[in-house]
Amino acid sequence: MAWNKEETLHRSEMQALQLARLQDTVAYVYTHNSHYHRQFEKLGLKPEDIRSLADLKLLPFTTKQDLRDHYPFDLFSAPRDEIVEYHATSGTTGKPIAVGYTRKDLDVWSEAMGRTFTGGGIGKGDVVQNIFGYGLFTGGLGAHYGAIRVGAGVVPISGGNSNKQIMLMEDFGTTALTSTPSFLMHLHEVGEEMGINFKQLKLKRALCGAEPWSESMRESIQEKYGISVCDIYGLSEITGPGVAFECHEERNGLHINEDFFYPEIIDPQSGEILPEGEEGELVFTTILKFGQPLLRYRTRDLSRLNYAPCSCGRTLVRMARVTGRSDDMLIIRGVNVFPSQIEAVILKREGVSPHYMVIVERKGTLDSLRVKVEVTEEFMIKAAADILKGDEFDILEDVTAVRRKKKNLQQDIKDIIGISVDIDLVPPGSIARSEGKAKRVEDRRPK
Ligand code: DLL
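Note that the structure is a prediction, hence the values are computed from the model and not measured. (Residues numbered from 1 in each chain as written. Predicted model: local features only at pLDDT ≥ 70, side-chain atom pairs only at ≥ 80, totals over all residues. Heavy atoms only, no water.)

Participant: Give me the lowdown on helix 8 (residues 215-225), citing residues and values where you can.
Facilitator: Taken together, the buried positions of helix 8 are occupied by Met 217, Arg 218, Ile 221, Gln 222 and Tyr 225. All buried residues of helix 8 project into a common sector of 135° when viewed along the axis, lining one side. Phi turns positive one or two residues past the end of helix 8, at Gly 226, with a value near 70°. (Buried < 20%, exposed > 50% of the residue type's maximum accessible area, 1.4 Å probe, protein only. Helix = DSSP H or I, 4+ residues; strand = E, 2+ residues; numbered from the N terminus. Arc of directions from axis to C-beta.)

Participant: Which residues make up the environment of Leu 409, and what values go with them?
Facilitator: Relative to the assigned elements, Leu 409 resides in helix 11 (residues 392-417). Beyond its immediate chain neighbours, meaning those up to four positions away, Leu 409 contacts Val 345, Arg 349, Val 352, Val 373, Ile 423 and Leu 425. (Contact = heavy atoms within 4.5 Å.)

Participant: Outline the pattern of salt bridges, listing residues and values.
Facilitator: Under the definition given, this model contains 30 salt bridges. Here Arg 314 and Glu 7 are joined by a salt bridge, their closest N and O atoms 3.0 Å apart. Of this pair, Arg 314 sits in the loop between strand 13 (305-306) and strand 14 (318-319) while Glu 7 sits in the segment before helix 1 (11-32); the two residues are 307 residues apart in sequence, bridging distant segments of the chain. Residue classification places Arg 314 among the buried residues on the basis of a relative accessible area of 0%. A relative accessible area of 0% places Glu 7 in the buried class. (Salt bridge = Lys/Arg side-chain N within 4 Å of Asp/Glu carboxyl O.)

Participant: I'd love a proper account of the domain arrangement of the chain, names of residues and values included.
Facilitator: Structurally, the chain comprises domain 1 (1-326) and domain 2 (330-443). Taken over C-alpha atoms, the centre of domain 1 sits 35 Å from the centre of domain 2. Contact residues are listed per partner, giving 16 residues for domain 1 and 11 residues for domain 2. Summing both partners gives a buried area of about 1,200 Å² for domain 1 against domain 2, and 57% of it is carried by carbon and sulfur. (Domains from an automatic or database assignment. Buried area = accessible area lost by both parts, 1.4 Å probe.)

Participant: Lay out the layout of surface pockets in plain terms, naming residues and giving numbers.
Facilitator: Approximately 700 Å³ is the volume found for the second largest pocket. Elements with a contribution of two residues or more to the lining of the second largest pocket: helix 7 (181-193), helix 8, strand 15 (324-325) and strand 16 (330-332). Here the lining of the second largest pocket spans two domains, since at least three of its residues come from each of domain 1 (1-326) and domain 2 (330-443). (1 Å grid on protein atoms, 1.4 Å probe; cavity = no way out; pocket = protein on both sides within 12 Å on 5 of 7 lines; lining within 4 Å. Points joined across faces, edges and corners; volume = space filled by probe spheres on them.)

Participant: Go over empty space enclosed by the protein with me, naming the residues and quoting the values.
Facilitator: Evaluated as defined, the whole model comprises two cavities of 30 Å³ or more. Of the voids in this model, the largest cavity is the one considered here, and its volume is about 50 Å³. In terms of lining, the largest cavity is formed by Asp 105, Val 108, Trp 109, Ile 238, Thr 239, Phe 260, Phe 261, Thr 286, Leu 288 and Lys 289. Per element, the largest residue contribution to the lining of the largest cavity is three residues, and it comes from helix 4 (residues 103-119). Residues that form the lining of the largest cavity fall into these classes: six nonpolar, two polar and two charged. Counted as a void, the second largest cavity has a volume near 30 Å³. Around the second largest cavity, the lining residues are Leu 67, His 70, Tyr 71, Pro 72, Asp 74, Leu 75, Ile 97, Ala 98 and Gln 292. Classifying every residue of the lining of the second largest cavity gives six nonpolar, two polar and one charged. (Nonpolar A, V, L, I, M, F, W, Y, C, P; charged D, E, K, R; others polar.)

Participant: Requested: an account of the packing of aromatic side chains, with residues and values cited.
Facilitator: Within this structure, the stated rule accounts for 11 aromatic pairs. Seen from their ring centres, Tyr 30 and Phe 40 are 5.5 Å apart, and the 50° between their planes marks the pair as tilted. Placement of the pair is Tyr 30 in helix 1 and Phe 40 in helix 2 (residues 34-43), with a sequence separation of 10 residues. Note on accessibility: Tyr 30 and Phe 40 belong to one class, buried. (Phe/Tyr/Trp six-rings, centres within 6.5 Å; stacked < 30°, edge-to-face > 60°.)

Participant: Pulling in residues and values, what's your account of unusual backbone geometry?
Facilitator: Backbone torsion omega between Tyr 71 and Pro 72 reads -5°, so that peptide bond is classified as cis. The topology assignment puts Pro 72 in the loop between helix 3 (64-69) and strand 1 (85-89). Phi at Asn 161 takes a positive value of approximately 55°, unusual for a residue other than glycine. Structurally, Asn 161 is set in the loop between strand 4 (153-155) and helix 6 (162-172). In the Ramachandran plot, Arg 251 falls in the positive-phi region, its phi being about 45° despite a non-glycine side chain. Along the chain, Arg 251 turns up in the loop between strand 8 (240-245) and strand 9 (254-256). Overall, the relative accessible area of 28% leaves Arg 251 in the partly exposed class.

Participant: So what's going on with the sheet that holds strand 18 (residues 352-363)? Which residues, and what values?
Facilitator: Reading across the sheet, the four strands line up as 20-19-18-21 and stay open at both edges, with mixed pairing between neighbours. The sheet is open, and its two edges are formed by strand 20 (422-426) and strand 21 (441-443), each paired on a single side. Ignoring strand direction, the axes of neighbouring strands in this sheet form an average angle of 20°. Where strand 18 and strand 21 come together, three bridges link them in parallel fashion. Looking at strand 21, one finds that Val 360 is bridged to Asp 443. Packed onto the sheet, helix 9 (residues 339-348) meets strand 18, strand 19 (366-375) and strand 21 and runs at close to 140° relative to strand 18. (Pairing = 2+ DSSP bridges. Axes fitted to C-alpha atoms, helices over the stretch in contact; angles between N-to-C directions.)

Here it is in structure tokens:
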């Protein structure tokens, strides 16, 4: 059963609603945001030119770079005093991307998440242990609002702290989990070591998302916990979680809340709109958003659309599980990381060169990052001279210098990307040079 009647509209009713909202949005950003106003002028476009949904293709794309260039608030359309909540996410270099919500935006977000919880079979009477991080990340608060909207009881434990997670599951009688899939895999491992049999707890369901994952990982989590798991998708720029969700009845594609977020699939190279069913880059236009509405936002996520109504009764268009990205963004334990952020730190440091490699590995069930960086000739000469001076004390000094350099780099990178990395300092020239585009990432995670 759907949460809201908009989820089951006839296609023609949905399209009428979408067009009305799109036209309002276009008029609103044209009059309220100078970036979009300028873009319209450049294209010789007026809001009245958008007469049908097909006219969407006349509108300019918005990219992560646009958000970065207008950091923090220049893409907001609402006045600052109407913004009641802020979040932020990784940009491609040092600065994050900021997003802001008006009261009405929070209401729409909660509604989108209410549908997501209902789709996942979670509602009144459930105890939801919300493992998504609270803070600037949208996962924690987004899931929190959704749980409250459907009348479930929410335990706002946030991420980490495996022992306490397990204790609360037992003591509070948790029935539903909201988490990144990788953390649930990890938590199970910890629980097993403690002799916990998760199947004897009251757990029934989970909503997982915020990172790419596979059908086999779903099966594994379901089997380990004895629960049913739905995939949920979203991104901060559009709203956070709640852009699309699977229904527990079918679990065959994610229903997009398309009366709030209008989807298109484009060819990532040419920008052309692709026909239904073809894989390409997902693009969203927010059609009921006031703080920071975005036109044709390029998500870089690869997926497909399916307009056939679902046997669950919902008519919302479905997107296929996200299979990858058309850029180099990595998602490590739910945290978005761009190699360029790491590069920005390396370029600022003395003693290391811009030759580096980011290695993604899976240790046990958790993903980890290792950064291999070449030190400079000068650093080597200085280190060698220290060693050649001969006595043990100098060698120790040198070891300390290397250790200090590693530690500083580690801290700087953590400050920017938010997670710890291992650093390998290697001699100049030891990282393979490529002839074309430099290969900066080696993803050793099992597929
Ligand atoms: O990850 C919002 C979210 C929170 C979604 C909790 C689901 C659950 P960001 O941090 O802005 O927002 O990261 C957005 O994460 O563009 C995708 O690349 C990826 N992503 C999110 N959900 C999924 C998913 C949140 N179910 C970026 N499958 C997106 C694959 C996902 N990738």
